[in-house]
Amino acid sequence: MADRLTKAAARNIFYGGSAFFFVTFVALTAHSHFYMVTTSTDESTLTESVARGKHVWEENSCINCHTLLGEGAYFAPELGNVWLRYGGADDAEGARMALIAWMQSQPSGIEGRRQMPQFNLTDQELNDLVDFLAWTSTIDTQGWPPNEAG
Ligand code: HEC
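These figures come from a predicted structure and were not determined experimentally. (Residues numbered from 1 in each chain as written. Predicted model: local features only at pLDDT ≥ 70, side-chain atom pairs only at ≥ 80, totals over all residues.)

### Concerning the overall build of the chain
Argument step 1. If you tally the helices and strands in the chain, you get five helices and two strands.
Argument step 2. Reading the helices (α) and strands (β) of the chain from amino to carboxyl end gives α-α-β-β-α-α-α.
Argument step 3. In terms of overall dimensions, the chain is more spread out than a globule: its C-alpha atoms have a radius of gyration of 23 Å, far above the 15 Å expected for 150 residues.
Argument step 4. By its C-alpha atoms, the chain is 75 × 40 × 30 Å across when sized along the principal axes.
Argument step 5. Buried residues in the chain amount to 17% of all 150 residues.
Argument step 6. At a minimum sequence separation of 6, the contacts of the chain that also span at least 24 residues come to 62%. (Helix = DSSP H or I, 4+ residues; strand = E, 2+ residues; numbered from the N terminus. Rg over C-alpha atoms; globule rule 2.2 N^0.38 Å. Buried ≥ 20, exposed ≤ 12 C-beta atoms within 10 Å, placed from the backbone. Contact = placed C-beta atoms within 7 Å.)

Structural data, given as structure tokens:
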């Protein structure tokens, strides 16, 4: 073996390394995708209203103030688990009513509190949003966020 790196050896390391990490990257991407659709989310519960709620979420740019599973802006509370914070696991109807009432009563106008705008959403949009937030809370996030407040 040559006692210094030849050009050919350097080239082989470069191509071999690139190919190795490319294959690793593709395999990890495939694994993430497979994990998402089979383990962390329950596709069978993805209803039409959940999909519509996601559109309402996107059209109104809720993410510009809120985080959803940690992604987004840090101006307002995390909403990935808001359904559980509002007691949705025990009393789905109560949580739905409370979330809708919350959104309808904004801005609160309370001095010193950050304000959420009024979006004037229809009943259908509000219910779809709640379905979306309820569905989001069922995603297996492996224990994230670490505390209830997110
Ligand atoms: C301009 C920033 C802003 C935008 C955009 C915004 N919010 Fe908010 N939101 C807030 C703030 C600030 C609070 C907390 C207010 C408070 O606690 O008084 C809040 C609170 C909430 C809460 C209650 C959270 C809790 O833990 O009690 C819900 C639910 C909510 N927002 C839903 C939404 C949805 C759905 C949208 C999109 C349609 C949205 N927000 C868009 C600022 C925003």
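### Here's the deal with unusual backbone geometry
Argument step 1. Here Gln106 and Pro107 are connected by a cis peptide whose omega angle stands at -5 degrees.
Argument step 2. One can find Pro107 in the loop between helix 4 (92-104) and helix 5 (123-136).
Argument step 3. The omega torsion across Trp144 and Pro145 is 0 degrees, close enough to zero to call that bond cis.
Argument step 4. Mapped onto the elements of the fold, Pro145 is located in the segment after helix 5.
Argument step 5. Within the chain, Ser61 stands out as a residue other than glycine whose phi angle is a positive 50 degrees.
Argument step 6. Summarising the element assignment, Ser61 is placed in the loop between helix 2 (48-59) and strand 1 (67-68).

### Focus on the packing of helix 4 against helix 5
Argument step 1. Two elements in contact, helix 4 and helix 5, have axes separated by 10 Å at closest approach and are oriented at 120 degrees. As the angle between them shows, helix 4 and helix 5 are arranged oblique. Read as a crossing pair, helix 4 and helix 5 show a hand that is right-handed. Contacts from Arg96, Leu99, Ile100 and Met103 of helix 4 reach helix 5 at Leu126, Val130 and Leu133.
Argument step 2. Split by residue class, the contact of helix 4 with helix 5 holds six nonpolar, no polar and one charged. (Axes fitted to C-alpha atoms, helices over the stretch in contact; angles between N-to-C directions. Parallel < 35°, antiparallel > 145°, perpendicular 65-115°, else oblique. Left-handed = near helix turned anticlockwise from the far one by under 90°. Nonpolar A, V, L, I, M, F, W, Y, C, P; charged D, E, K, R; others polar.)

### Side note on the site of the ligand
Argument step 1. Around the ligand, the surrounding shell holds 23 residues, and the nearest of these are Cys62, Cys65, Ala76, Arg114 and Met116.
Argument step 2. For the shell around the ligand, the secondary structure elements donating two or more residues are helix 3 (82-85) and helix 4.
Argument step 3. Ranked by the residues each element gives to the shell around the ligand, the list is headed by helix 4, at three residues.
Argument step 4. Residues that form the shell around the ligand fall into these classes: 14 nonpolar, six polar and three charged. (Near = placed C-beta within 6 Å.)

### Regarding the UniProt feature "domain: Cytochrome c" (unreviewed entry) in the chain
Argument step 1. Mapped onto this numbering, the UniProt entry gives "domain: Cytochrome c" (unreviewed entry) at residues 48-137.
Argument step 2. The annotated region residues 48-137 carries 48% helix and 4% strand content, and the separation between its end C-alpha atoms amounts to 17 Å. (UniProt positions renumbered as here; feature names shortened; annotations may be inferred.)

### Some words on the nonpolar core
Argument step 1. Formed by 16 residues in total, the largest nonpolar core has its most connected members in Trp83, Leu129 and Leu133.
Argument step 2. Among the elements that line this core, the one with the most residues is helix 5, at six residues.
Argument step 3. In this structure, Leu129 is in contact with Gly53, Val56 and Trp57, ignoring residues within four places of it in sequence. (Core = buried A, V, L, I, M, F, W, Y, C linked by C-beta atoms within 7 Å.)

### Here we look at the domain arrangement of the chain
Argument step 1. What the domain assignment lists for the chain is domain 1 (1-39) and domain 2 (44-137).
Argument step 2. One C-alpha centre belongs to domain 1, the other to domain 2; they are set 42 Å apart. (Domains from an automatic or database assignment.)

### Details of the UniProt feature "transmembrane region" (unreviewed entry) in the chain
Argument step 1. Under the UniProt annotation, the feature "transmembrane region" (unreviewed entry) is placed at residues 12-36.
Argument step 2. Taken as a whole, residues 12-36 contains 100% helix and 0% strand, while its terminal C-alpha atoms sit 36 Å from one another.

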